[in-house]
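# A closer look at the structure
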2 protein chains.
Amino acid sequence: MSSQSVTPRSVDYSRWYTDVIQKAELADYAPVRGCMIIRPYGYELWEGVRSGLDRRFKATGHQNAYFPLFIPMSFLQKEAEHVEGFAPELAVVTHGGGKELEEPLVVRPTSETVIGHAYANWIQSYRDLPVLINQWANVVRWELRTRLFLRTMEFLWQEGHTAHATYEEAHEETLRMLDVYADFAINDAAIPVIRGRKSDQERFAGAVYSYSIEAMMGDRRALQAGTSHNLGQNFAKAFDIKYLDRDNELKYCWTTSWGLSTRMVGAVVMAHGDDKGLRLPPVLAPYQVVAVPIYRDDAERSAVMPTVEKVVAELRDAGVRVHVDDRAELTPGFKFNDWEMRGVPLRAEIGPKDVEKGTVALVRRDIDDRKQAKLFAPQAGIAQTVPALLGEIQASLLGQATAFRDAHLRVVDTYDDFKAVIEAGDWALAYYDGSAAVEDQIKADTGGASSRCFPLDQEPGEGACIVTGKKVAERAWFARAY
Amino acid sequence: MSSQSVTPRSVDYSRWYTDVIQKAELADYAPVRGCMIIRPYGYELWEGVRSGLDRRFKATGHQNAYFPLFIPMSFLQKEAEHVEGFAPELAVVTHGGGKELEEPLVVRPTSETVIGHAYANWIQSYRDLPVLINQWANVVRWELRTRLFLRTMEFLWQEGHTAHATYEEAHEETLRMLDVYADFAINDAAIPVIRGRKSDQERFAGAVYSYSIEAMMGDRRALQAGTSHNLGQNFAKAFDIKYLDRDNELKYCWTTSWGLSTRMVGAVVMAHGDDKGLRLPPVLAPYQVVAVPIYRDDAERSAVMPTVEKVVAELRDAGVRVHVDDRAELTPGFKFNDWEMRGVPLRAEIGPKDVEKGTVALVRRDIDDRKQAKLFAPQAGIAQTVPALLGEIQASLLGQATAFRDAHLRVVDTYDDFKAVIEAGDWALAYYDGSAAVEDQIKADTGGASSRCFPLDQEPGEGACIVTGKKVAERAWFARAY
């Protein structure tokens, strides 16, 4: 049983996050430093992410497969930028079956190399293209500074890997999957995100262009919540992925990759939570409704439970995920706080008076004001009322997150304004020449703000880079980030 | 595109298996020896296994979670039998982030230890029990002799881990999950299995009792297709998993574990396949129906396709998984062979005459005789005809596998009969004293037959151990096995 109170978010955001993850039993620390145990409540949230994405991947023509955990060290070395980027983060198996291995094996940090090797075998002709495959897997990156869900040594994710006949098709795929991520984030996770292109120095190691969705957390920091990469022919050349084209010429394929991880669970916690704990969007919430029977003695309990069971059965038939909290040893007040902390979108209280009046007291988690949050719904028609309310709550969380974000997005034209905006903790959209030198200077001048992305949704324009004054065509978002 | 013909099963069972796995594109070899790539068609079959089991686990009160891939070496050493059993099979990470680790990390071969450690933290009181958790994960065992799906260095599986207040509850859980496996094998995979207790020397390393479901493959060899272990208090004592009981005393928990892996995909291939390739049970088949439009020219194609689309749409609305093979460059004959090799349970052919007559030609994969396999169904009512036929095919495959198995199960009372039965390739049920010495002698005398299990479904009795003549109470199944 979890203790109820978490450090209020307004007091210490970082401690609040750690508290709420552990007290809501989303996750726990593992014995190996930097690793995480995903507990059932957190895993069910991840299953919601997984099914929302998987459905969208299948609807866009992708199939799932599974590639091996172990990659020969030599594979990583075939793509120069790739090995340079990932070498410092590798976990290496040197012994197997009691013997030292001839070639060390890398525990996959990502699978472009081993999948590229397979694609080279599978793809012969233009008829075999496109190849549209995704895998759900664990990956390992040796991170020194870890934080539950946001950055862990091992994490769960999906990685899509596709091969195409032309650059244009690969480019379209890269943006299509970025849109899939944005659609999922907005409609399922209720998190408004900005789609954009990463700067060169923030590119995936081995990509030509990397794109991301960027989300604003409750402390206004940015979180990169999903990435999609146009890999050009870099991996095709490194792994000899060729096809015989209609014109009877052998050509290199164009490939993409895209990934979204358990980090998304951290995003949901940070984007929606409040002082009392989690606030989960109904689409992803493991329990959409918690039903709490209210009684003082066995007689009242006997009077109340048949109604509770009837209401719950009707809701379940309507496809609503309901949990009944009938723990005998706890007071209703304790239960209310407990489930508020755990972020269940809607609480259904049923007591003797509700039985008498034919009502259910419904309390919304998305509204802070106690009176406004509560309504009495007739038991008749509850299977229509509750799904409609869940829809409202979903929209309300997205609305709140969007209003909060928009209040902290600022367009700036001078470096002084830029620094003031970052200093105030907001995001700044500014003309930027895309260079590493400018980004490094900004990081130094602002105590760590980084370029998030060149947003896709911007008017074509021209302006002066806020640092160098050079004429450039695009603005980029800058912010402090996780 | 896959070549169509496989080595006939009747010619060379072992080559047939490897051929069919690769040509049906279920799996491929990975660059690291002993590892496997599960291709989309094979992965979809695994997703069918996964969802069939997951549904049953949830219906019996279990929740999913995720525990770390890496386990400190010292954890394995806490349970003496466990480390002795698994030490020779471990993959060991010695370097991370460019540095040698102070303590080597084991890539999990199974997770009793790391989960036991977590349970010790989570369980305080009798109120926290039972803990009923399952995880879907990859595990690594350094196998020297591997075979696609049946035995690979890395494999996918689920491992359930539960903790209980009493021995009786743990015992019940162990048998309940064995029954879940048997129910899945029989009803979803159409494989009749024998539930039983393993001999002491075949026990899981660290278990008090191990149980398995044993299946007969098409070459009559046995395959252990799922296991369920009563771990007693062995891991509770090694990891200090205790609870405060109602009587205010601290007591050790009783734990269980149970697992079923991608080996089940190999079982489906081997139990049902024939000379032409796979025969997939409709419940698990990625495609239950393949629709092949029949036409000789564009005019016929235009006449046929609207009917194909209409029939397919009706089937999909009825929840049938249909694939339309409209590859222009291939003949219908090629497609028929291709999908027969891939084991699709039902083929729907629609040509100009079918359009005219309002029929669909349906061809069952479970019936070998070409005439008997084919029937003409009216297009009207196809959404009822096809699901009913799929049900018949599912039952027919189970019936065929059961008849085949039962024809090769033999009860014997003398060692001479026993050896003759094993020599003939069948399974022998015989009184056996359970000792390692007898099992070793049987292995030597028969060229490798091993005890499969003491079947749960046997009448209480008494007889003479076929080797020692000692009076014993139970018979065990012996067979050559994978």
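Residues numbered from 1 in each chain as written. Chains lettered and ligands numbered in written order. Predicted model: local features only at pLDDT ≥ 70, side-chain atom pairs only at ≥ 80, totals over all residues. Heavy atoms only, no water.

### Details of the overall build of chain A
Applicable threshold: The way it works is that DSSP assigns letters per residue, a run of H or I at least four long becomes a helix, a run of E at least two long becomes a strand, and they are numbered from the N terminus. Accessible area is worked out with a 1.4 Å probe on protein chains only. A residue is then buried under 20% of its type maximum, exposed over 50%, and partly exposed in between. Areas reported here follow the Shrake-Rupley algorithm with a probe of radius 1.4 Å; residue values treat only the protein chains shown as occluding. His is not counted, nor are the chain ends; Lys and Arg add positive charge and Asp and Glu add negative charge. Where a charge sits is defined by one atom per residue type, namely NZ (Lys), CZ (Arg), CG (Asp) or CD (Glu).
Counting its regular elements, chain A contains 15 helices and 25 strands. Residues classed as buried in chain A amount to 59% of the 482 residues present. Summed over its atoms, the accessible surface of chain A is roughly 18700 Å², and 49% of this surface lies on carbon and sulfur atoms. Across chain A, the 56 positively charged side chains and the 68 negatively charged ones have centroids separated by 3 Å.

### As for the domain arrangement of chain A
Heads up, the condition is: Segment limits for the domains were obtained from an automatic or database-derived domain assignment.
Here the domain parsing of chain A yields domain 1 (13–272), domain 2 (289–389) and domain 3 (410–479). Put simply, the middle of domain 2 of chain A and the middle of domain 3 of chain A, counted by C-alpha atoms, are 49 Å apart.

### Remarks on helix 15 (residues 436–446) of chain B
All names here are of chain B. What counts, and what does not: Note that the arc is computed from the directions linking the helix axis to the C-beta atoms. Residues are treated as being in contact if the distance between any of their heavy atoms lies within 4.5 Å.
Among all positions of helix 15, only Val438, Glu439, Ile442 and Thr446 are buried. Mapping the buried residues of helix 15 onto a view down its axis gives an arc of 100°, with all of them on the same face. Across from the buried face of helix 15, at angles greater than 90 degrees, the exposed residues are Ala437 and Ala444. Those residues of helix 15 that are buried lie in contact with helix 14 (415–423), strand 22 (450–455) and strand 25 (475–479). Positioned one or two residues after helix 15, Gly447 has a phi angle of 65°, which is positive.

### Some thoughts on the pattern of salt bridges
Residue and element names in this part refer to chain A. Rules: A side-chain nitrogen of Lys or Arg and a carboxyl oxygen of Asp or Glu constitute a salt bridge if their distance falls within 4 Å.
Going through the model one piece at a time under the given rule, you end up with 75 salt bridges over all chains. Its salt-bridge partner being Asp188, residue Arg55 comes within 3.8 Å of it at the nearest N-O pair. Here Arg55, found in helix 2 (residues 40–59), pairs with Asp188, found in the loop between helix 6 (167–187) and strand 9 (193–197); they are 133 residues apart in sequence, far enough to count as distant. Within this structure, Glu25, Asp325, Arg327, Lys335, Asp338 and Arg342 form a network of salt bridges that share partners.

### Let's talk about the packing of aromatic side chains
For the record, the criterion: Aromatic contacts are taken between Phe, Tyr and Trp rings whose centres are within 6.5 Å, Trp giving its six-membered ring; a plane angle under 30 degrees counts as stacked, one over 60 as edge-to-face, and the others as tilted.
Using the criterion set out here, one finds 35 aromatic pairs over all chains in the structure. On the basis of an interplanar angle of 65° and a centroid distance of 6.2 Å, the ring pair of Trp427(A) and Trp477(A) is categorised as edge-to-face. Taken together, the residues span a long stretch of sequence, with Trp427(A) in strand 21 (residues 427–431) and Trp477(A) in strand 25 (residues 475–479) at a distance of 50 residues. The exposure class assigned to Trp477(A) is buried, which follows from its relative accessible area of 7%. Seen in terms of ring centroids, Tyr432(B) and Phe454(B) are 5.6 Å apart; in terms of plane orientation they differ by 5°. Their pairing is stacked. Pair noted here: Tyr432(B) is in the loop between strand 21 (427–431) and helix 15 and Phe454(B) is in strand 22, with a separation of 22 residues, a long-range link. Among the residues examined, Tyr432(B) registers a relative accessible area of 2% and is labelled buried. Owing to a relative accessible area of 6%, Phe454(B) belongs among the buried residues under this scheme.

### Details of the packing of helix 9 (residues 298–317) of chain B against helix 13 (residues 382–406) of chain B
All names here are of chain B. Here is the rule we go by: As a rule, the C-alpha atoms of each element are fitted with a line to give its axis, helices using only the stretch in contact, and angles between N-to-C directions run from 0 to 180 degrees. Note that the term roughly parallel is reserved for angles under 35 degrees, roughly antiparallel for angles over 145, roughly perpendicular for angles of 65 to 115, and oblique for everything else. Crossing chirality is assigned from the near helix's rotation relative to the far helix, an anticlockwise turn below a right angle marking it left-handed and a clockwise turn marking it right-handed. Polarity classes work like this: nonpolar for Ala, Val, Leu, Ile, Met, Phe, Trp, Tyr, Cys and Pro, charged for Asp, Glu, Lys and Arg, and polar for all others, with Gly in that last group.
Running from amino to carboxyl end, helix 9 crosses helix 13 at an angle of 60°, the nearest separation of the two axes being 9 Å. Viewed along their axes, helix 9 and helix 13 adopt a mutual orientation that is oblique. Classified by chirality, the crossing of helix 13 by helix 9 is right-handed. On the side of helix 9, the interface is formed by Val311, Glu314 and Leu315, while helix 13 contributes Ile382, Ala383 and Val386. Grouping the constituent residues of the contact of helix 9 with helix 13 by class yields 5 nonpolar, no polar and 1 charged.

### Examining the packing of helix 1 (residues 13–23) of chain B against helix 8 (residues 263–272) of chain B
Residue and element names in this part refer to chain B. One can describe the packing of helix 1 onto helix 8 by two numbers: an axis separation of 11 Å at closest approach and a directional angle of 120°. When the axes of helix 1 and helix 8 are compared, the pair comes out oblique. In the packing of helix 1 onto helix 8, the handedness of the crossing is right-handed. Contacts from Tyr13, Trp16, Tyr17, Val20 and Ile21 of helix 1 reach helix 8 at Gly266, Val269 and Met270. Split by residue class, the contact of helix 1 with helix 8 holds 7 nonpolar, 1 polar and no charged.

### Section: the side chain of Thr446(A)
Residues and elements named next belong to chain A. Defined as follows: In the analysis that follows, any N or O atom pair within 3.5 Å is treated as a polar contact, provided that within protein one partner can donate a hydrogen and the other can accept it, and provided that, for residues neighboring in sequence, both atoms belong to side chains.
Along the chain, Thr446 falls in helix 15 (residues 436–446). A relative accessible area of 7% places Thr446 in the buried class. At 2.6 Å, the side chain of Thr446 and the backbone oxygen of Ile442 are in polar contact. Not counting the four nearest positions on each side in its chain, Thr446 is found in contact with Phe418, Lys419, Ile422 and Arg480.

### Looking at the relation of the copies chain A and chain B
Filter applied, for reference: Least squares is the method used to superpose the copies, on C-alpha atoms of residues holding a pLDDT of at least 70 in both.
With an RMSD of 0.0 Å, the fit of chain A onto chain B corresponds to turning through 180° and sliding 0.0 Å along the axis. The superposition operator between the copies reduces to a two-fold rotation axis. Considering only C-alpha atoms, the residue of chain A closest to the rotation axis is Val93(A), which sits at 2.1 Å.

### What to know about the interface of chain A and chain B
Often, the extent of an interface is quoted as the loss of accessible area upon association of its parts. For clarity, the cut-off: When two parts are brought into contact, each loses some accessible area as probed by a 1.4 Å sphere; the total of that loss over both is the buried area.
Counting from both sides, the interface comprises 55 residues of chain A and, opposite them, 55 residues of chain B. When chain A packs against chain B, close to 4400 Å² is buried across both sides, 63% of that on carbon and sulfur atoms. On the chain A side of the interface with chain B, the three residues burying the most area are Tyr66(A), Phe70(A) and Trp122(A), jointly 15% of the side's total. At the junction of chain A with chain B, the criterion picks out 4 salt bridges. Here Arg127(B) ties to Glu329(A) by a salt bridge, and the two come within 3.7 Å at their closest N and O atoms. Across the chain A-chain B interface, the total number found is 22 residue pairs in polar contact (both at pLDDT 80 or more). In terms of residue class, the side of chain A that touches chain B is built from 35 nonpolar, 9 polar and 11 charged.

### Some thoughts on the sheet that holds strand 18 (residues 359–364) of chain B
Residue and element names in this part refer to chain B. We count it as follows: Each pair of strands is called paired provided DSSP finds at least two bridges between the two strands.
Strand order in the open sheet formed by 5 strands is 16-15-17-18-19, and the pairing between neighbours is mixed. Edge positions in the sheet fall to strand 16 (322–324) and strand 19 (374–378), since each of these pairs with one other strand and no more. Each adjacent strand pair in this sheet contributes to an overall mean axis angle of 25°, direction not counted. Alignment of strand 15 (residues 289–293) against strand 16, held across 3 bridges, turns out to be parallel. Each residue of the ladder has a partner; that of Val289, found in strand 16, is Val322.

### Here's the deal with the confidence of the model for chain A
This is how it is decided: Confidence scores per residue from the predictor, reported as pLDDT, run from 0 to 100.
This prediction gives chain A a mean pLDDT of 96; 99% of its residues lie at or above 70. For this predicted complex, the interface confidence comes out at an ipTM of 0.96, alongside a pTM of 0.96.

### Digging into the sheet that holds strand 3 (residues 63–64) of chain A
Strand order in this open sheet of 11 strands is 3-7-8-14-11-10-9-22-25-21-20 (chain A), and the pairing throughout is mixed. Since the sheet does not close on itself, it has two edges, and those belong to strand 3 and strand 20 (409–411) of chain A, each with one partner.

### Some words on the nonpolar core
This is how the line gets drawn: Each nonpolar core is a collection of buried residues, namely Ala, Val, Leu, Ile, Met, Phe, Trp, Tyr and Cys, held together in the definition by side-chain atoms within 4.5 Å.
Grouped together as the largest cluster of nonpolar side chains are 90 residues, with contacts concentrated most on Phe70(A) and Phe70(B). Those residues in contact with Phe70(A) that sit more than four places away from it in its chain are Val93(A), Leu105(A), Val106(A), Val107(A), Val32(B), Ala91(B), Val107(B), Val140(B), Trp142(B) and Met153(B).

### Section: the environment of Gly85(B)
Note that Gly85(B) resides in helix 4 (residues 80–86). Put simply, Gly85(B) and Phe204(B) are 119 residues apart on the chain and 8.1 Å apart in space, counted from C-alpha to C-alpha.

### Comments concerning the pairing of strand 10 (residues 209–216) of chain B
All names here are of chain B. Strand 10 sits mainly inside the fold: 7 of its 8 residues count as buried. Two strands pair when backbone bridges link them, and strand 9 (residues 193–197) and strand 10 are joined in this way by 5 bridges, in the antiparallel orientation. Bridge assignment links Arg195 to a residue of strand 10, and that residue is Ile213. Here strand 10 runs beside strand 11 (residues 222–230); their pairing, made up of 8 bridges, is antiparallel. Across the sheet, the residue bridging to Met216 is Ala222, located in strand 11.

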